[in-house]
Amino acid sequence: AVDITGICLITIAQCDCLPVVDLLVQLIRIRCIPSTPTHPKAIVSIRCLDQLGIFEKHGVSAAVYYDTLRSQVESSGLILGEVRCHFSISGILSI
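We now turn to the structure provided with this report. In this text the structure is predicted, and so the values were computed from the model without any measurement.

Some words on the overall build of the protein
Turning to step 1, where the next piece is worked out: Within the protein, the regular secondary structure consists of three helices and six strands.
Turning to step 2, where the next piece is worked out: Written out in order from the N terminus, the α and β elements of the protein read β-β-β-α-β-β-α-α-β.
Turning to step 3, where the next piece is worked out: Put simply, the protein has 95 residues, and 23% of those count as buried.
Turning to step 4, where the next piece is worked out: Summarising the internal contacts of the protein: among those between residues at least 6 apart in sequence, 60% fall at separations of at least 24.
Turning to step 5, where the next piece is worked out: Per element, the accessible surface of the protein, about 6,300 Å² overall, is 61% carbon and sulfur.

Given below as structure tokens:
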């Protein structure tokens, strides 16, 4: 997952509430954009995309922005891949 706070590995527990809501819709409702519509391997928060848009207006490329986020995690003393969390979107959604 890529967010303005950095990059981390997450596990997503899809909501199994009724009526059934597609994972893509669930992710968009929590302001995340998946890398693919089905079985995404990565997600990017909308606030990250908003911030990237501002940086690009000032000449910062997406690659430099990503490297900055990566450095942010690495400078914390953690190695990318050590930061793991379980993220459940059940209970967050209101249908």
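Quick notes on the environment of Asp67
Turning to step 1, where the next piece is worked out: Here Asp67 is to be found in helix H3 (residues 62-74).
Turning to step 2, where the next piece is worked out: Taking the relative accessible area as the measure of exposure, Asp67 reaches 42% and is therefore partly exposed.
Turning to step 3, where the next piece is worked out: Along the chain, Asp67 and Gly6 lie 61 residues apart, while their C-alpha atoms are 9.9 Å from each other.

Topic: unusual backbone geometry
Turning to step 1, where the next piece is worked out: With a phi angle near 65°, Arg31 is a residue other than glycine that sits in the positive phi range.
Turning to step 2, where the next piece is worked out: The phi torsion at His39 lies on the positive side, around 55°, for a residue other than glycine.
Turning to step 3, where the next piece is worked out: By the secondary structure assignment, His39 is in the loop between strand E4 (32-34) and strand E5 (43-45).
Turning to step 4, where the next piece is worked out: Judged by its relative accessible area of 71%, His39 falls in the exposed class.

Observations concerning the side chain of Gln26
Turning to step 1, where the next piece is worked out: Among the secondary structure elements, Gln26 is positioned in helix H1 (residues 23-29).
Turning to step 2, where the next piece is worked out: Judged by relative accessible area, Gln26 falls into the buried class, the value being 0%.

So, the pattern of salt bridges
Turning to step 1, where the next piece is worked out: Applying the stated criterion across every chain, the model contains three salt bridges.
Turning to step 2, where the next piece is worked out: Here Arg31 ties to Asp50 by a salt bridge, and the two come within 3.8 Å at their closest N and O atoms. On the criterion of sequence distance, the pair formed by Arg31 in the loop between H1 and E4 and Asp50 in helix H2 (residues 46-57) is long-range, its members being 19 residues apart.
Turning to step 3, where the next piece is worked out: For Arg31, a relative accessible area of 45% puts it in the partly exposed group.
Turning to step 4, where the next piece is worked out: By relative accessible area, which is 44% here, Asp50 ends up partly exposed.

Rules used throughout
Residues numbered from 1 in each chain as written. Predicted model: local features only at pLDDT ≥ 70, side-chain atom pairs only at ≥ 80, totals over all residues. Heavy atoms only, no water. Helix = DSSP H or I, 4+ residues; strand = E, 2+ residues; numbered from the N terminus. Buried < 20%, exposed > 50% of the residue type's maximum accessible area, 1.4 Å probe, protein only. Contact = heavy atoms within 4.5 Å. Areas by Shrake-Rupley, 256 points an atom, 1.4 Å probe, with all protein chains shown as cover. Salt bridge = Lys/Arg side-chain N within 4 Å of Asp/Glu carboxyl O.

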